[in-house]
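Coordinate analysis (summary)
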Amino acid sequence: MKLLVKKLSIIKQLKIIKSHQEYSKFLHILPCRTIVVTMKGLYFQQNSPGEEISFVFQERENLPDIKDNYVKLQVKACALSWINIKLLSEMKLEKEFFPVGREIAGVVLEVGNKVSFFHPDDEVVGILPLDSEESGLCEIVRIHEHYLVHKPEKVTWTEAAGVIRDGIRSYTALHFLSHLSPGKSVLIMDGASTFGTIAIQLAHHRGAKVISTAYSLEDKEYLERLRPAIGVKQSLVVRVIDLSNGKDDVTENCLEETGGIGVDIILDAGVRLYSKNDEPALNLQLLPHKHDIITLLGVGGHWITTEENLQLDPPDSHCLFLKGATVSFLNDEVWNLSNVQQGRYLCILKDVMEKLSTGVFRPLLDEPVPPYDAKVSMEIVQKNQARKKQVIQF
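In this text the structure is predicted, and so the values were computed from the model without any measurement.

Reading the values: rules and limits
Residues numbered from 1 in each chain as written. Predicted model: local features only at pLDDT ≥ 70, side-chain atom pairs only at ≥ 80, totals over all residues. Heavy atoms only, no water. Helix = DSSP H or I, 4+ residues; strand = E, 2+ residues; numbered from the N terminus. Expected span 1.5 Å × (residues − 1). Buried < 20%, exposed > 50% of the residue type's maximum accessible area, 1.4 Å probe, protein only. Contact = heavy atoms within 4.5 Å. Pairing = 2+ DSSP bridges. Phe/Tyr/Trp six-rings, centres within 6.5 Å; stacked < 30°, edge-to-face > 60°. Lys NZ or Arg CZ within 6 Å of the ring centre and 35° of its normal. Arc of directions from axis to C-beta.

Attention shifts here to helix 11 (residues 342-358). Helical geometry: 3.6 residues make up each α-helical turn, so side chains three or four residues apart lie on a common side. Here helix 11 spans 25 Å end to end across 17 residues, near enough to the 24 Å set by a 1.5 Å rise per residue. Residues Gln-342, Tyr-345, Leu-346, Ile-348, Leu-349, Asp-351, Val-352, Met-353, Lys-355, Leu-356 and Ser-357 constitute the buried set of helix 11. At its buried positions, helix 11 is contacted by strand 6 (123-127), strand 8 (148-150), helix 4 (157-177), helix 5 (194-205) and helix 10 (334-337). The first or second residue beyond helix 11 is Gly-359, which carries a positive phi of 90 degrees.

Most of strand 6 is tucked away: 4 of the 5 residues are buried. Pairing analysis gives 5 bridges linking strand 5 (residues 103-111) to strand 6, with the strands arranged antiparallel. Bridge pairing links Ala-105 to Val-125 in strand 6. Sheet topology note: the strand 6/strand 8 ladder contains 3 bridges and is antiparallel. By the bridge assignment for strand 8, Val-124 is matched with His-150.

Within a pair of aromatic rings, the relevant descriptors are the distance that separates the centres and the angle that separates the planes. Enumeration over the complete set of coordinates arrives at 5 aromatic pairs. Seen from their ring centres, Phe-44 and Phe-55 are 6.5 Å apart, and the 70 degrees between their planes marks the pair as edge-to-face. Placement of Phe-44 in strand 1 (residues 39-45) and of Phe-55 in strand 2 (residues 54-60) is noted, with a sequence separation of 11 residues between them. An identical accessibility class is assigned to Phe-44 and Phe-55; each is buried. Ring centres of Phe-44 and Phe-98 lie 5.5 Å apart, and the angle between their planes is 35 degrees; on these two criteria the pair is classed as tilted. Here Phe-44 is found in strand 1, whereas its partner Phe-98 is found in strand 4 (residues 98-99), with 54 residues between them in sequence. Under the relative-accessibility criterion, Phe-44 is labelled buried at 7%. Among the aromatic side chains, those forming a connected cluster through ring pairs are Phe-44, Phe-55 and Phe-98. Seen from the ring of Trp-157, Lys-151 lies directly overhead, with NZ or CZ sitting 4.6 Å from the centre. Residue placement shows Arg-169 over the ring face of Phe-195; its charged tip is 4.3 Å from the ring centre.

Another aspect to go through is the side chain of Ser-132. When you line up the elements, Ser-132 lands in the loop between strand 6 and strand 7 (140-144). The exposure class assigned to Ser-132 is buried, which follows from its relative accessible area of 11%. Each residue touching Ser-132, except ones within four places of it in the same chain, is listed here: Lys-95 and Pro-99.

Phi is positive for Asp-68, which is not a glycine, with a value near 50 degrees. Locating Asp-68 in the fold gives a position in the loop between strand 2 and strand 3 (70-79). Its relative accessible area of 36% is what places Asp-68 among the partly exposed residues. Phi at His-179 takes a positive value of approximately 55 degrees, unusual for a residue other than glycine. By the secondary structure assignment, His-179 is in the loop between helix 4 and strand 9 (185-188). For His-179, a relative accessible area of 53% puts it in the exposed group.

Attention shifts here to helix 7 (residues 250-257). Among all positions of helix 7, only Val-250, Thr-251, Asn-253, Cys-254 and Glu-257 are buried. Buried residues of helix 7 fall within an arc of 165 degrees about the axis and therefore sit on the same side. Exposed residues on helix 7 whose side chains face more than 90 degrees from its buried face are Glu-252 and Glu-256. Contacts from the buried residues of helix 7 go to strand 9, strand 10 (209-214), strand 11 (239-242), strand 12 (263-267) and helix 8 (290-296).

Residue placement: Val-381 occurs in helix 12 (residues 374-382). Look at Val-381 and you get buried, because its relative accessible area is 10%. Here the alpha-carbon distance between Val-381 and Leu-80, two residues 301 residues apart in the chain, equals 7.1 Å. Setting aside chain neighbours within four positions, we find Val-381 in contact with Leu-80, Ser-81, Trp-82, Ala-386 and Gln-390.

Shown next, in the form of structure tokens:
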């Protein structure tokens, strides 16, 4: 009603304008601006190599038209993960401002003319590709349909976004790099981490015998309390090795648990390459030495490492050769670096969501964080100071 009155008032004023000069003056008082909707997203900035990165909120204008296989998504939750600056540099993806937040869950608003898997109002979850220009911490994003899967109805937004990356990593490590099967023994280092928790749940679900390490008394108690949501309520971990007191030895405990034959699969959370006296950081001293891992590895075993700078000396390689063992590097970004494995990647995403909906996966989540605190939360994540998954909820 107010808008109609305003329009009538303007028309009345136009009628009393006598000359072209008065008309020109009148035009200056009319609001004549193009409305551009802007949304804020979180980005990181690094001025020079080796310098600590900083996180900033940046405004972004409207998305381009949604065409072909792209989907416009309203983000409901976005999980935060540590950013591998070195990998981005090696992939030549460096830019002044790089988007933050890739694990997203939300509602489809609009689909391109070639989209075949989704429709408006569908609830979906996925991971933005490494070279994406979109920040998952923006309310509206544009993403290719091949990076999304449907979210089960009874799964919450924060659970979906919080589990998707750790689920991918666990599947990559235990299925595609080590060929997990029932009856295998698995050592999962730092099982109380967000990734370790999902890896333990997946290994136990597949019928493996799980051993894990803890870096504090709280972590030890958490691992001992882990129980499956369905089935027999027995502990998911058969033995927890507490490394915080300096008394428990990983090699000795694992060989004792396996009857001296060694562990079939080892999933580390980093390893020491040198002696304790030569290691610069105190937290590295809690990690097992590479020789210890090779010693407790069984015949035909698989060592899955997250240490990208792993160095093996000839005696180490010879020991692995005698055991017929393998070493694989865990880099879950490989799925998005090539389209060759796209179908398999989508199958993994769907399976992760299915296990979340049935209670097999129960992610270790912190309380949801509002968008205005995203910068502080991301700084904590980047410093590896968050033990629980940080999820931003819109």
